[in-house]
Structures are given as structure tokens and as C-alpha cells.
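These are the residues of each chain, in order.
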Amino acid sequence: MTRETEEPLVAGLLLAAGGGRRLGGRPKALLPHRGRPLVEHAVRVLREGGCEVVHVVLGAAADRVREAARLPGCVLVDNPEWAEGMGSSLRVGLASLKAEALPVDAALVSLVDQPGIGPAAVARVLAAYGSRDALAAASYDGKRGHPVLFGADRWAAIAGDAVGDQGARDYLKAHRDAITLVDCSDVAEPYDIDTEADLVHLE
């Protein structure tokens, strides 16, 4: 399959496999937010931010997520090794994008447990795409955060470094000089839903 336009294709990659260990084993994708599973909100943010293609990595309670969440048009990818940490989900997600029917030029990676990050931040980071060698990330008060954009030419090296719960942290540290930081402090809040106390952020 070939593209009808020469526009670069930046796909959304949502990591939603976490088991919510510090939430009493409640899978984060299924946490209720605005009356629906949190994973639906996260996918909507990616779409409204400009990602037409969205791949979602599932792990904990993947079957329940598929049953409960309405995710039309998304590519749902199971990560059987989700308990190993975010690194395994990132590897699975990048492999899925590589197999996408249309050639994907970059992945815009977001996390299911950050509902304070909305479409405006996604759109800003997406706009930082310049080539298949691109490396960009949202920043909050000068500190790097999500979403993160990885040009396709970097995927193999990123996947090679993605172990445990580090995700792409080691790769980003090693290539900090190549990262375009995109300030999103005025449009998003990068808190995580990790503990019972964090549930106050859900609506």
C-alpha cells in the first residue's frame, strides 16, 4: 500500500499495559474517567492532537479492556510480557508500528495514566517532527516529559535500550543533545495516576 500524499505519517503509540500495582492491582486502562475507561480518553487525546493512526499496547487484563473500552479504528497490540515494565511495551508497540500497512515516519508515544496531558500538548510535539531522525519531547518547567516523538530511523536503537521499567529513558539521556524540547507547561499537567492518592485527578 502506498500513500496518496507526501505528508509524513506520525502515528500515536499509547502504552496502556500497566497493572496498577500501587493501585491494588487495578489495570490503569480500565480506571474510570468521565464515565468511561481511561484508555478511551487517552486515545481521544491522541486523535484530537493530530494522530490519525493509533496503536494501543495492552497488557494487564487485556481481554477485559477489549470488552469494556470502545476503541474503533485503533490497532490493539497485546504485550504478554507487560509485567516486565514499560520497556517491553515500548518494544512491542514500535514493532507493531513497523508492521503498519502504511510506512510510519515517527511514533508519538504517550502514557495511559497521564490524563492531564491533552490534545494541545500532543499537537505541539507532533509539530516538532522534521525528519525520520526526529527526536522531540514535551517539557514542563524545563523538565522532559511525555508525549515523546521518535523518528522511525531511531526505533531499532530505542527498542534495543528499552529494558525493565526504563522505557526510552536511557536512550534519551544518551541523546539529550538531539532532543527538541517543546514547552507544554501552559497547556498540560504531567502528573501520573500511580497511587490511590492520585485518583483525585480522575473525574
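Relevant structure appears above.
Residues numbered from 1 in each chain as written. Predicted model: local features only at pLDDT ≥ 70, side-chain atom pairs only at ≥ 80, totals over all residues. Heavy atoms only, no water.

Asks: In this structure, what is going on with unusual backbone geometry? I would like to understand it.
Replies: Glycine aside, residues mostly have negative phi angles, and peptide bonds mostly take the trans form. For the peptide bond that leads from H146 to P147, omega is 0°, which places it in the cis range. Looking at where P147 falls in the secondary structure, it is placed in strand β8 (residues 143–151). Located in the positive-phi region is R34, a residue other than glycine, with phi close to 55°. One can find R34 in the loop between β2 (32–33) and β3 (36–37). On the accessibility criterion, R34 (49% relative accessible area) is partly exposed. One non-glycine residue, D141, lies in positive phi territory at about 50°. When you line up the elements, D141 lands in the loop between β7 (135–140) and β8. (Helix = DSSP H or I, 4+ residues; strand = E, 2+ residues; numbered from the N terminus. Buried < 20%, exposed > 50% of the residue type's maximum accessible area, 1.4 Å probe, protein only.)

Asks: Is there a simple way to think about the sheet that holds strand β4 (residues 54–58) in this case?
Replies: Whenever strands of a sheet pair, they do so through backbone hydrogen bonds, lying parallel or antiparallel. Taken together, 7 strands build an open sheet; the order of strands is β5-β4-β1-β6-β8-β7-β9 and the sheet is mixed. Each edge of the open sheet carries a strand with a single partner, namely β5 (75–78) and β9 (180–183). For this sheet, the mean inter-axis angle between neighbouring strands, taken without regard to orientation, is 25°. Packing of helix α4 (residues 119–126) onto the sheet brings it into contact with β1 (10–16), β6 (106–111), β7, β8 and β9, and relative to β8 it is tilted by some 55°. (Pairing = 2+ DSSP bridges. Axes fitted to C-alpha atoms, helices over the stretch in contact; angles between N-to-C directions. Contact = heavy atoms within 4.5 Å.)

Asks: What exactly am I supposed to notice about a positive patch on the surface here?
Replies: Residues R144, R169, K173 and R176 make up a contiguous surface patch of positive charge. Of note, K173 is situated in helix α6 (residues 169–174). K173 sits in the partly exposed class, given a relative accessible area of 45%. (Patch = residues over 30% accessible without salt bridge, like charges linked within 9 Å, V, L, I, M, F, W, Y side chains within 5 Å. Areas by Shrake-Rupley, 256 points an atom, 1.4 Å probe, with all protein chains shown as cover. Salt bridge = Lys/Arg side-chain N within 4 Å of Asp/Glu carboxyl O. Lys, Arg positive; Asp, Glu negative; His and termini not counted. Charge placed at Lys NZ, Arg CZ, Asp CG, Glu CD.)

Asks: Looking at this model, I keep getting lost on the pairing of β1. Mind explaining?
Replies: When a strand is regular, its side chains alternate between the sheet's two faces. Burial runs high along β1: 7 of the 7 residues are buried. Side chains of β1 alternate between two faces, with V10, G12, L14 and A16 and A11, L13 and L15 buried alike. For β1 and β6, the ladder comprises 6 bridges, and the chain directions are parallel. In the sheet register, L14 faces β6, and the bridge partner there is S110. Sheet topology note: the β1/β4 ladder contains 5 bridges and is parallel. By the bridge assignment, A16 is partnered in β4 with L58.

Asks: What is the right way to look at the pattern of salt bridges in this model?
Replies: Side chains carrying opposite charge are able to pair once their charged atoms draw close together. Considering all chains together, one arrives at 10 salt bridges under this definition. The closest approach of N and O atoms between D186 and R124, which form a salt bridge, is 2.7 Å. Taken as a pair, D186 in the segment after β9 and R124 in helix α4 lie far apart in primary sequence, 62 residues in all. In this structure, R154 and D133 form a salt bridge, with 3.4 Å as the shortest nitrogen-oxygen distance. In this pair, R154 sits in the loop between β8 and α5 (155–161) while D133 sits in the loop between α4 and β7, placing the two residues 21 residues apart along the sequence. Under the relative-accessibility criterion, R154 is labelled buried at 10%. Several salt bridges converge on common partners, so that one network encompasses K28, D113 and D194.

Asks: Help me understand the nonpolar core in this model?
Replies: One recurring pattern in soluble globular proteins: nonpolar side chains tend to sit buried together. Residues L14, A16, V39, V56, L108, V125 and L149 are the most contacted members of the largest nonpolar core, which totals 40 residues. Every element with two or more residues in this core is listed here: β1, α1 (38–48), β4, α2 (62–68), β6, α4 and β7. Sort the elements by how many residues they give to this core and α1 lands first, with 6 residues. Beyond its immediate stretch of four places on either side in the chain, V39 contacts L14, A16, A29, V56, V65, A69, L71 and V112. Of all hydrophobic cores here, the second largest spans 25 residues; its members include L111, L135, A137 and V148. (Core = buried A, V, L, I, M, F, W, Y, C linked by side-chain atoms within 4.5 Å.)

Asks: Would you take a moment to explain α4 for this structure?
Replies: Along an α-helix, residues three or four apart share an orientation, since each turn contains 3.6 residues. All of the buried residues in α4 are A121, V122 and V125. For α4, the buried positions fall inside an angular range of 100° around the axis, keeping them on one side. Residues of α4 that are buried sit in contact with α1, β6, β7, β8 and β9. (Arc of directions from axis to C-beta.)

Remember that the coordinates give geometry; whether it matters functionally is a separate question.
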